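Topology and contacts: notes
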Amino acid sequence: MVRVPEPLTRLYPANLSRLFTSRLRSPQLTSRLGRILGIAVAVCFLTGYISHAIQHPPAWFYWPSRPVNLYRVTQGLHVATGLAIVPLLAAKLWSVYPKLFRWPPFRDPVHAVERLSLFVLVAAALFQVTTGILNIALWYSPMSFFFTTAHYWTAWILIGALAIHIGVKLPIIRRALRAPDRPTPQTTGMSRRGLLTTVGAAIGLITVATIGQTLRPLAGLSLLGPRDPRVGPQGLPVNKSAASAGVTAAATDPGYRLEVVGPARTLRLSLAELGALAQHTAQLPITCVEGWSATATWSGVRIRDLAAAVGGTEAASVRVTSLEQNSLYRVSTLAPPHAADPLTLLALRVAGQPLDLDHGYPCRLIAPNRPGVLQTKWVARIEVLQP
Amino acid sequence: MTATRHPDRQTTWIRRLLVAAGVLAAAYGIIGVLTDPSVYLPNYARYTITVLFGHDLLVLPAAIVVGAVLTRWLPAWARPVVQGALFVTAVLTVVALPLVLGFGRTADNPSALPRDYPRGYAICLAVIWLVTAGLLAVRALRRHRSTTDPNTREHL
């Protein structure tokens with residue numbers, strides 16, 4: 001038999017995991033990182049689910065119209081926590097990396113199933129973090145699937161695989177977290193505390209560099225914010241322009257009429273007629289699912305006044321349809337709490353000027369505590385749906 | 001060891017519940033991925049396999065090797081600080097890269113990705129490495145003091 005020279009025998013499967021020499025890896029370190037990571041994943045799952053449920057409400061779901069900034073907080077938290085997961089996940093996976101090369105790969109069928117579930121867990125975690133980052137950077141081409149639904153279903157896979165993982169490892173986690181805090185052996189590398197501090201510093205830097213997309217006072221400091229709440233037409237960012245929505249001609253047509261349909265009558269109102277109705281002003285944020293948000297002063301006609309004019313009551317829902325033809329978000333339905341809220345406007349003006357075409361000229365929906373994709377722009381039709 | 005061999009009944013039930021709930025949630029998600037036509041299963045599978053193996057067999061081992069090589073010739077007192085700085089640099093790059101490349105920009109919407117991201121990334125890197133230089137200077141100074149002043153030696 002040919003003898004393999006010594007350095008190469010280190011690459012034998014049975015010897016691979018001995019290549020890793022850091023004495024920093026320990027169940028204590030992994031459990032501590034895992035505890036923080038678990039909380040972060042739970043926050044992301046919960047806030048993400050809220051955002052999903054607002055857009056596709058299940059029968060039991062109720063979402064209020066106040067506080068005005070609640071969705072802004074939950075969705076800002078979703079994206080900020082998702083970004084904070086990057087250093088946590090990196091350190092956590094590093095801390096268990098040698099186990100990937102464990103030899104033999106499994107002891108018995110149960111162990112094999114458990115290890116396979118780890119592939120699902122790691123794959124789902126990497127999927128969620130990377131697709132989230134690509135989505136806020138608006139870089140869709142590497143994801144040749146529909147981000148929204150894929151991110152939603154994978155969130156269930158991730159939270160499920162995480163629960164299985166915690167269930168399997170619970171005795172080890174408990175023992176590790178209860179163990180007295182012994183100093184890591186004196187090595188030439190980093191200490192456990194040093195590593196946790198480093199992860200904390202990375203989270204801090206990433207947060208400061210991006211959170212200004214939703215916290216306006218930090219906008220000047222957030223050099224890597226995908227949006228700047230101060231930048232855009234009329235000082236406000238835009239997610240979809242009139243050109244890309246293909247509505248420029250229809251929105252600027254002088255023959256434009258808003259159709260308001262209710263149980264008592266149907267109205268067809270020109271822009272001048274809308275402007276002659278009672279005008280109200282509201283300070284409301286545009287809050288994007290991508291985590292940015294910006295407050296503006298909107299003025300226009302109250303949706304509930306329009307609903308009442310065609311015979312609608314406080315208990316009605318209101319369906320708003322855009323001039324935009326081919327969009328998933330062409331139609332949005334205001335649930336009764338939002339439809340009846342005096343802050344919910346069919347806005348004609350922002351910051352005292354007529355709406356920019358990219359902000360939804362001739363008129364757009366703006367309601368408190370709602371995702372931006374549901375704040376329909378270039379409104380063509382308003383329908384009162386009595387229960 | 002006793003905890004694994006003789007788990008108390010409460011722990012056993014918590015573990016069973018976690019695994020059962022986890023299996024249900026993961027199954028719900030997997031069924032969703034398999035049946036939702038907008039997910040485009042082949043593309044989804046290709047992407048997932050790419051990020052999983054890309055991370056486990058390419059990015060993470062590369063990061064470990066680069067970190068080991070770059071800190072190999074450093075004195076022991078400087079190594080942890082530089083290792084930390086390399087870690088922060090790496091994870092910041094993961095977040096910043098799609099913005100720096102800027103493929104998400106469109107001509108008709110200048111408010112999307114409005115900043116100069118290469119500049120922002122460079123400033124972040126400068127901050128990381130300036131802080132690192134500061135920490136190294138403090139460590140070097142302390143070391144110098146402790147070797148010259150016998151009164152402070154016992155504190156270190």
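Predicted model, so just to flag it, every value in this text is computed and none were measured.

**What about the overall build of chain A?**
- Looking only at helices and strands, chain A features 12 helices and 10 strands.
- Taking 21 Å as the expected radius of gyration for a compact globule of 387 residues, we find that chain A reaches 27 Å, considerably beyond that expectation.
- Considered along the principal axes of its C-alpha atoms, chain A spans approximately 90 × 45 × 45 Å.
- A total of 387 residues make up chain A; the buried ones form 52% of that total.
- Considering only contacts in chain A between residues 6 or more positions apart, those separated by 24 or more positions represent 68%.
- With an accessible surface of roughly 17300 Å², chain A has 63% of that area assigned to carbon and sulfur atoms.
- Here chain A contributes 37 positively and 16 negatively charged side chains, and the mean placements of these two sets differ by 16 Å.

**A few points about the nonpolar core**
- Ranked by internal contacts, the top residues of the largest apolar core, which has 75 residues, are A:I85, A:L89, A:L224, B:Y44 and B:L92.
- The element best represented in this core is helix 5 (residues 109-136) of chain A, accounting for 11 residues.
- In this view, B:L92 contacts A:L205, A:I206, A:L224, B:Y121, B:C124, B:L125 and B:I128; residues no more than four positions away in its chain are not counted.
- Listed in part, the 30 residues of the second largest apolar core include A:A242, A:Y256, A:L346 and A:V384.

**Here's the deal with the UniProt feature "transmembrane region" (unreviewed entry) in chain B**
All names here are of chain B.
- In the UniProt entry, the feature "transmembrane region" (unreviewed entry) is given for residues 12-35, 47-69, 81-100 and 120-138.
- Along residues 47-69 the backbone is 100% helical and 0% strand, and the end-to-end C-alpha distance reaches 31 Å.
- Secondary structure content for residues 81-100 is 100% helix and 0% strand, while the C-alpha to C-alpha distance between its ends is 26 Å.

**Some words on the interface of chain B and chain A**
- At the interface, 64 residues of chain B touch 75 residues of chain A.
- When the two sides are added together, the surface that chain B and chain A hide from each other amounts to roughly 5900 Å², 74% of it contributed by carbon and sulfur.
- Along the contact surface separating chain B from chain A lie 1 salt bridge.
- Only helix 1 (2-5), helix 2 (9-35), helix 3 (41-71), helix 4 (79-101) and helix 5 (117-148) of chain B provide two or more residues apiece to the side of chain B that touches chain A.

**Overview of the pattern of salt bridges**
All names here are of chain A.
- Within this structure, the stated rule accounts for 10 salt bridges over all chains.
- The partner of R66 in a salt bridge is D341, with the nearest N and O atoms 2.8 Å apart. With R66 in the loop between helix 3 (27-55) and helix 4 (70-96) and D341 in the loop between helix 12 (336-340) and strand 7 (345-350), this residue pair connects regions lying 275 residues apart in the sequence.
- Its salt-bridge partner being E383, residue R381 comes within 3.4 Å of it at the nearest N-O pair.
- Take E383: its relative accessible area is 14%, and that puts it in the buried class.

**As for the pairing of strand 6 (residues 331-334) of chain A**
Residue and element names in this part refer to chain A.
- Burial along strand 6 is one-sided: S332 and L334 are buried, and none of V331 and T333, which face the opposite way, are.
- Sheet topology places strand 5 (residues 317-322) next to strand 6; 4 bridges connect them, and they run antiparallel. Bridged to V320 within strand 6 is S332.

**Things to note about the environment of A:H52**
Residues and elements named next belong to chain A.
- Structurally, the position occupied by H52 is in helix 3.
- Taking the relative accessible area as the measure of exposure, H52 reaches 22% and is therefore partly exposed.
- Distance from H52 to R25, taken between C-alpha atoms, is 38 Å for residues 27 residues apart in sequence.

**Some points on the UniProt feature "transmembrane region" (unreviewed entry) in chain A**
Residue and element names in this part refer to chain A.
- Here, the residues flagged by UniProt with the feature "transmembrane region" (unreviewed entry) are residues 33-55, 75-97, 118-140, 152-173 and 194-212.
- Between the C-alpha atoms that bound residues 33-55 there is a distance of 33 Å. The span itself is 100% helix and 0% strand.
- Helix and strand shares over residues 194-212 are 89% and 0% respectively, and the end C-alpha atoms of the span are 28 Å apart.

**As for a nonpolar patch on the surface**
Residues and elements named next belong to chain A.
- Judged by side-chain polarity, V4, L8, L11, Y12 and L19 come together as a nonpolar surface patch covering roughly 440 Å² of accessible area.
- Inspection of the secondary structure assignment puts L11 in the loop between helix 1 (6-9) and helix 2 (13-16).
- Judged by relative accessible area, L11 falls into the exposed class, the value being 51%.

**Structural notes on the side chain of A:T30**
All names here are of chain A.
- Residue position: T30 is located in helix 3.
- Taking relative accessible area as the criterion, T30 reaches 13% and is therefore assigned buried.
- Setting aside its immediate chain neighbours within four residues, T30 contacts K92, S95 and V96.

**Considering the sheet that holds strand 2 (residues 266-269) of chain A**
Residue and element names in this part refer to chain A.
- Spatial ordering of the open sheet is given by 2-1-10-5-6, a layout of 5 strands whose pairing is mixed. The open sheet has two edge strands, strand 2 and strand 6, and neither has a second partner. Going from strand to strand, the sheet's axes swing by 15° on average, the running direction of each strand aside.
- As paired strands, strand 5 and strand 10 (residues 379-385) are joined by 6 bridges and run antiparallel to one another. The residue of strand 10 that forms the bridge with T321 is R381.

**Focus on the environment of A:P371**
Residue and element names in this part refer to chain A.
- For P371, the position within the fold is in the loop between strand 9 (364-366) and strand 10.
- The spacing of P371 and H52 is 319 residues in sequence and 9.9 Å in space, taken between C-alpha atoms.
- For P371, the residues in contact, after removing those within four places along its chain, are I54, Q55, Y71, T287 and V289.

**With respect to helix 5 of chain B**
- Between the first and last C-alpha of helix 5 of chain B there are 46 Å, a value that for 32 residues agrees with the 46 Å anticipated at 1.5 Å per step.
- Taken together, the buried positions of helix 5 of chain B are occupied by B:Y117, B:G120, B:Y121, B:C124, B:I128, B:T132 and B:S146.
- Tucked inside the fold, the buried residues of helix 5 of chain B contact helix 7 (192-210) of chain A together with helix 4 of chain B.

**Digging into unusual backbone geometry**
Residue and element names in this part refer to chain A.
- Residues W103 and P104 are joined by a peptide bond in cis, for which omega reads -5°.
- Among the secondary structure elements, P104 is positioned in the loop between helix 4 and helix 5.
- Here the bond from Y361 into P362 is cis, since omega is 10°, no more than 30 degrees from zero.
- Note on placement: P362 falls in the loop between strand 8 (353-354) and strand 9.

Reading the values: rules and limits
Residues numbered from 1 in each chain as written. Chains lettered and ligands numbered in written order. Predicted model: local features only at pLDDT ≥ 70, side-chain atom pairs only at ≥ 80, totals over all residues. Heavy atoms only, no water. Helix = DSSP H or I, 4+ residues; strand = E, 2+ residues; numbered from the N terminus. Rg over C-alpha atoms; globule rule 2.2 N^0.38 Å. Buried < 20%, exposed > 50% of the residue type's maximum accessible area, 1.4 Å probe, protein only. Contact = heavy atoms within 4.5 Å. Areas by Shrake-Rupley, 256 points an atom, 1.4 Å probe, with all protein chains shown as cover. Lys, Arg positive; Asp, Glu negative; His and termini not counted. Charge placed at Lys NZ, Arg CZ, Asp CG, Glu CD. Core = buried A, V, L, I, M, F, W, Y, C linked by side-chain atoms within 4.5 Å. UniProt positions renumbered as here; feature names shortened; annotations may be inferred. Buried area = accessible area lost by both parts, 1.4 Å probe. Salt bridge = Lys/Arg side-chain N within 4 Å of Asp/Glu carboxyl O. Pairing = 2+ DSSP bridges. Patch = residues over 30% accessible without salt bridge, like charges linked within 9 Å, V, L, I, M, F, W, Y side chains within 5 Å. Axes fitted to C-alpha atoms, helices over the stretch in contact; angles between N-to-C directions. Expected span 1.5 Å × (residues − 1).

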